[in-house]
Amino acid sequence: MAVFDTPEEAFGVLRPVCVQLTRTQTVENVEQLRAQLCTVSDAALQELQQYILFPLRFALRTPGPKRERLVQSVVECLTSVLSSTCVKEQELLQELFSELSGCLYSPHAQKPAAVSEELKLAVVQGLGTLMHSAYGDVVLTFYGPSVLPRLGFAVSLLLGLAEQEKSKQMKMAALDCLQILLLQCECDDHPRPLSELEQKQLGDLFASFLPGVSTALTRIITGDFKQGHGVIVSSLKIFYKIVGFVLADEQLRRIPKVQEKPAVEPRVAKLMVHREAGWVQNTGDKLAVLIRKVVECVSVHPHWKARRELIELVETLLLQCGQSLVASAGPLLKALVGLLNDESPEVQAQCNHVLRHFADQKVVVGSRAFADILSENLHSLATSLPRLMNSQDDQGKFSTLSLLLGYLKLLGPRVNFVLNSVAHLQRLSKALIQVLELDVADVKIVEERRWDSGHLQASAETSAARPRSQVQRRYFRFFTDERVFLLLRQVCQLLGFYGNLYLLVDHFMDLYHESVAYRKQAAMILNELVTGAAGLDVENLYEKHTKTSPEELREIVTSLLEEYTSQENWYLVTCIDAEEMGEELTMRQAGLQAIASGTRTCQVASFPAFSKPSPTVCSMNSNIWQICIQLEGIGHFAYALGTDFRLLLMSALYPVLEKAGDQSLLISQAATSAMMDICHACGYDSLQHLINQNSDYLVNGISLNLRHLSLHPHTPKVLEVMLRNSDASLLPLVADVVQDVLAALDQFYDKRAASFVSVLHALLLALAQWFRDTGDVGQLQERRGGEEESHSSPRPAALRRGPGNTTTAEDIEQFLLNYLKQKGVAEGNVSDCDEEEQRSDPPQVDENDTGPYVEPPLPLHIQVAAAVTERCIHLLSDKSLQIRLKVLDVLDLCVLVLQSHRNQLLPLAHRAWPPLVHRLTNDDPLAVLRAFKLSRR
């Protein structure tokens, strides 16, 4: 709290101290003055400013050597006065500036004086406080041509301190003071907003310092990381602010071609710079070298704040100096897109913000020069991409692909112009094809089989809870990091979103047909192109960009779907099982290429159709992955089209169901995942809902294909999948198809028994689940079975009424007459009169007589189970152990379904007993165990 508020009171207190300091310059006197200043208000200090500054300035200007401690104390006291007052005279500002700068200069050595760090820090802080204390226009009048030598000395002095001093505090203070001195500080009122003329004058003045400032700052920025990220951040800030101010396009457009002669000494006039076109071009080329060094160094700086400040540098220079620094646009854009997927969320957010700002300002789209630079960078990167992916580690590959993704984001709609170039399109497509090459040498891919019958239900539940964007885990030749694959998917999606979809699909379909080595990669790219074209997973920086229309997208998906599900691409050999291989080869026509591997490490195996195949592990792995990728593509298509995919269900659902029943685990999982994607896209609640709603045409297709089983060997798998993913409402629709299956089993029992038995197993398992609660029905059947004898005996109705009713003589008489008559008929003693009487006089029907007992028809599932049991009894003696085991499982389920209908079960059990005994006594131990389990039923 100040004690003396008026100038008079303050003068009375400060006068003795100031006189004493003027007479004797000692540290004690300076400290005494500083202590008295604390008791004076700021208003009083302002009135007495020059009086107080006189003894301090006198101490600094006294000739002869001075003690550093005294100079430091004087400078600190002077800084304290300036922090509380304003400098309102230009002459005082210039004198104080020279006096403070001179404290660090040795006139004899013609270089900065070798003084202590404390004194250097005090002087630097004093200079900053002095410039901030300049009032209003005083600070602007200070920056005239005449002050150029003094200002240049101070700038070089501060740059030397920032570069050479070891103390981080000293470095930061020097950089802060330099920022203030160049009028680039972030204070609200320092300086005030400049007019166009003032900006031009200051730009001309600072242009003289630009080479030295930019070079020294580059050395600081590219120096040791140990100097701290704060030094790097401050240096970057000064660098792009001074460059952006001097080379601003708006200023340079107003520079006259002829330089005006300044009213200064010739020696000073030589230091002035005229920012004409030649100088701008020369300076821009030299700065391009420095900017490239800065970008390369800071883009890999370990601290995120330094990388974030680099984004600020890119934004400022490209927005303000886009024409003058066109030679630096390449490195600047590369730095920006390279940080797009930075590990720091703050850097990512800032980078995305700048990208969106560039899109709004049309920095790239509206500038042909920038677009050409990006196109060339993209071509160069695509050319070197396979080499980089083969030589870099995963982090390097991630950075490289981030760069590629950033280029595409910046180009936006201009990607079309790049892709119209045949050279650019071929380079980019071949690079993506090579990078996405799969490693198919792992034997586990073929080994993973689907043995359990409940796999499909489990997969469906898993897929329902799994996000759509997740794909099967696959292994690539050139990388192992999942982030790299995610970036490649985003690259393809951006191409589909901004590029000409027809052009891209045609090009990659040509690659798909060109070589089997490209087929899997081309399919992966096509899948992502369609997803990107729908615009569902793409960040659109350009809001005015129009997406592909739904009609065009549906046409493209239809053509891709036909290609994927064609016989030569859908029915590939995926195992060495005799029946499976026979099925695959049957689907092929003469002249079609068979198995082929997509890797360089595996030999391509090809053989004519219907010849003896010799597939390798690599070729089967390749085929498995190709089918999985195509199934994944169908899921992508459904996701892209949404409810419009319902129009394609007729052609897509049946093939997917075929693969859902495949014995390969990966294929079955991919097909189930594709069905779940179809469910989500078309608005079905579950797989059961999907199958039930489309069961009519599925059953029709199964029925037709079963009649030509040699041409459609996978038909039983479709029925198997339907049964495992539906409910009892499906049974009436498939009842006739089951009869067709049994008929086909009778015809092909020696060739395709395994696939048919698998279908029957799925059928009985479904029946056991659908009709669990059959106790009441069973009891009713048992009661009616107990009355079977009454159905064959001619007992009268009265004898069947129950023990509570009495039998009359007339009833006994009628019973005997009927008995004698039927006996005569049985012996052939039938008279004509009896026949005429029987025809003319119809028998009188007793109202109380219920008539003969008629057994009601069996439930449909019991009929089906009985028919299946009859067929399976004949297969108990099959030579294949696998079929015998499966048949025993089917019979076990048949017993479970028929146990409530003993009249049907017991005769069938009687017929099955002899072969079952043979299984118990003379068979493989596995079959013996299964047979024993069945016998216990």
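In the block above lies the structure referred to throughout.
Please read all numbers here as calculations on a predicted model, not as lab measurements.

**Describing the nonpolar core**
Then, in step 1: In this structure, Y143, F206 and F645 are the most contacted members of the largest nonpolar core, which totals 299 residues.
Then, in step 2: The element best represented in this core is helix α32 (residues 617-641), accounting for 12 residues.
Then, in step 3: Ignoring sequence-local partners within four residues, the contact set of F206 consists of Y143, L151, L181, L182, L183, I242, F245 and V246.

**Quick notes on the packing of helix α12 (residues 210-221) against helix α16 (residues 277-298)**
Then, in step 1: Between α12 and α16, the shortest axis-to-axis distance is 10 Å and the interhelical angle comes to 10°. Viewed along their axes, α12 and α16 adopt a mutual orientation that is roughly parallel. Residue-level inspection shows L210, S214, T215, T218 and I221 of α12 in contact with α16, the latter providing W279, T283, L287, L290, K293, V294, C297 and V298.
Then, in step 2: Considering only residue class, the contact of α12 with α16 consists of 8 nonpolar, 4 polar and 1 charged.

**Digging into the pattern of salt bridges**
Then, in step 1: Counted according to the given criterion, the structure contains 24 salt bridges.
Then, in step 2: For R57, the salt bridge identified is with E95, shortest N-O distance 2.5 Å. Highlighted residues: R57 in helix α4 (residues 49-61) and E95 in helix α6 (residues 90-102), separated in sequence by 38 residues.
Then, in step 3: The class for R57 is buried, based on a relative accessible area of 13%.
Then, in step 4: What makes E95 partly exposed here is its relative accessible area of 29%.
Then, in step 5: The salt bridge partner of E163 is R219, with a shortest N-O separation of 2.6 Å. With E163 in helix α9 (residues 148-164) and R219 in helix α12, this residue pair connects regions lying 56 residues apart in the sequence.
Then, in step 6: Through salt bridges that share partners, R57, R61, E95 and E99 make up one connected network.

**A closer look at the packing of aromatic side chains**
Then, in step 1: Tallied over the entire structure, the rule returns 12 aromatic pairs.
Then, in step 2: Ring centres of Y512 and Y564 lie 6.3 Å apart, and the angle between their planes is 35°; on these two criteria the pair is classed as tilted. Highlighted residues: Y512 in helix α27 (residues 501-514) and Y564 in helix α29 (residues 550-564), separated in sequence by 52 residues. Here the two residues Y512 and Y564 agree in accessibility, since each one is buried.
Then, in step 3: Members of the aromatic cluster, each reached through a chain of ring pairs, are F97, F142, Y143, F206, F209 and F245.
Then, in step 4: Here R483 stacks its cationic end above the ring of F398, 4.1 Å away from the centre of that ring.
Then, in step 5: Above the plane of the ring of Y684 lies R646, whose end atom (NZ or CZ) is 4.5 Å from the centre.

**So, the side chain of H507**
Then, in step 1: As for its placement among the helices and strands, H507 is situated in helix α27.
Then, in step 2: Judged by relative accessible area, which is 15%, H507 ranks as buried.
Then, in step 3: Within polar-contact distance, the side chain of H507 engages the side chain of S429 at 2.8 Å.
Then, in step 4: Ignoring any residue separated from it by four or fewer positions in sequence, one finds H507 in contact with L425, Q426 and S429.

Conventions used here
- Residues numbered from 1 in each chain as written.
- Predicted model: local features only at pLDDT ≥ 70, side-chain atom pairs only at ≥ 80, totals over all residues.
- Heavy atoms only, no water.
- Core = buried A, V, L, I, M, F, W, Y, C linked by side-chain atoms within 4.5 Å.
- Buried < 20%, exposed > 50% of the residue type's maximum accessible area, 1.4 Å probe, protein only.
- Helix = DSSP H or I, 4+ residues; strand = E, 2+ residues; numbered from the N terminus.
- Contact = heavy atoms within 4.5 Å.
- Axes fitted to C-alpha atoms, helices over the stretch in contact; angles between N-to-C directions.
- Parallel < 35°, antiparallel > 145°, perpendicular 65-115°, else oblique.
- Nonpolar A, V, L, I, M, F, W, Y, C, P; charged D, E, K, R; others polar.
- Salt bridge = Lys/Arg side-chain N within 4 Å of Asp/Glu carboxyl O.
- Phe/Tyr/Trp six-rings, centres within 6.5 Å; stacked < 30°, edge-to-face > 60°.
- Lys NZ or Arg CZ within 6 Å of the ring centre and 35° of its normal.
- Polar contact = N/O pair within 3.5 Å; in protein donor to acceptor, adjacent residues only side chain to side chain.

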